[in-house]
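# Topology and contacts: notes
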Amino acid sequence: MKSPVVKRSIVVAGHKTSVSLEEAFWNGMKEISSHRDMTLSELVGEIDSNRQQGNLSSAIRLFVLDYFRSRATTSGSEHSPSLG
């Protein structure tokens with residue numbers, strides 16, 4: 001199933017910007033921000049302030065990947081998801 005890229009406007013550190021991410025990454029961001037009891041804007045601001053290089057969309061994708069990868073590791077899951 002193809003996940004189209006969705007472009008959304010978000011306020012980061014008081015500045016409006018656009019971020020293009022696949023829907024799965026937006027959903028992951030919502031889950032992470034809810035778990036951390038913060039807004040999407042606050043989470044994106046944190047990611048933005050900690051990124052070393054690259055664009056914001058890439059930094060977000062890497063953050064979401066790392067978050068869920070870390071969760072899978074700490075839950076004791078060593079199985080890779082089925083790719084089809």
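Residues numbered from 1 in each chain as written. Predicted model: local features only at pLDDT ≥ 70, side-chain atom pairs only at ≥ 80, totals over all residues. Heavy atoms only, no water.

Taking an unreviewed UniProt entry as the reference, the protein is identified by name as Aryl-sulfate sulfotransferase belonging to Nitrobacter vulgaris.

## So, the overall build of the protein
Check the secondary structure of the protein and you find 3 helices and 2 strands. Considering only intrachain contacts with a sequence separation of at least 6, the fraction spanning at least 24 residues in the protein is 38%. (Helix = DSSP H or I, 4+ residues; strand = E, 2+ residues; numbered from the N terminus. Contact = heavy atoms within 4.5 Å.)

## A short note on the packing of helix α2 (residues 40-50) against helix α3 (residues 56-74)
Helix packing geometry: the angle between the two helix axes and the distance between the axes. Across the interface, α2 lies against α3 with an axial gap of 10 Å and an inter-helix angle of 105 degrees. Taken as axis vectors, α2 and α3 run roughly perpendicular relative to one another. Contacts from L43, V44, I47 and D48 of α2 reach α3 at L56, A59, I60 and F63. In terms of residue class, the contact of α2 with α3 is built from 7 nonpolar, no polar and 1 charged. (Axes fitted to C-alpha atoms, helices over the stretch in contact; angles between N-to-C directions. Parallel < 35°, antiparallel > 145°, perpendicular 65-115°, else oblique. Nonpolar A, V, L, I, M, F, W, Y, C, P; charged D, E, K, R; others polar.)

## Structural notes on the pattern of salt bridges
In total, this model carries 5 salt bridges according to the counting rule given. Here E22 ties to R61 by a salt bridge, and the two come within 3.0 Å at their closest N and O atoms. You can see E22 sitting in strand β2 (residues 15-22) and its partner R61 sitting in helix α3, a full 39 residues away along the chain. Here R51 ties to D48 by a salt bridge, and the two come within 2.7 Å at their closest N and O atoms. According to the relative accessible area criterion, R51 is partly exposed, its value standing at 31%. (Salt bridge = Lys/Arg side-chain N within 4 Å of Asp/Glu carboxyl O. Buried < 20%, exposed > 50% of the residue type's maximum accessible area, 1.4 Å probe, protein only.)

## Notes on helix α1 (residues 23-35)
Look at α1: 18 Å from first C-alpha to last across 13 residues, which is about the 18 Å you get at 1.5 Å a residue. Along its buried surface, α1 packs onto β1 (5-12), β2, α2 and α3. Immediately beyond the C-terminal end of α1, within one or two residues, lies D37, with a positive phi of roughly 55 degrees. (Expected span 1.5 Å × (residues − 1).)

## Quick word on the pairing of β2
Every other side chain in a regular strand lies on the same face of the sheet, so the side chains alternate between the two faces. Two elements, β1 and β2, share 8 bridges in a ladder whose sense is antiparallel. Within β2, the position partnered with V11 by the bridge is K16. Hairpin connection between β1 and β2: a loop of 2 residues separates the two successive antiparallel strands, and A13 in this loop has a positive phi of roughly 55 degrees. (Pairing = 2+ DSSP bridges.)

## Quick word on the side chain of S33
Relative to the helices and strands, S33 is located in helix α1. Those residues within four positions of S33 in sequence are excluded, and the remaining contacts are M38, T39, L40 and L43.

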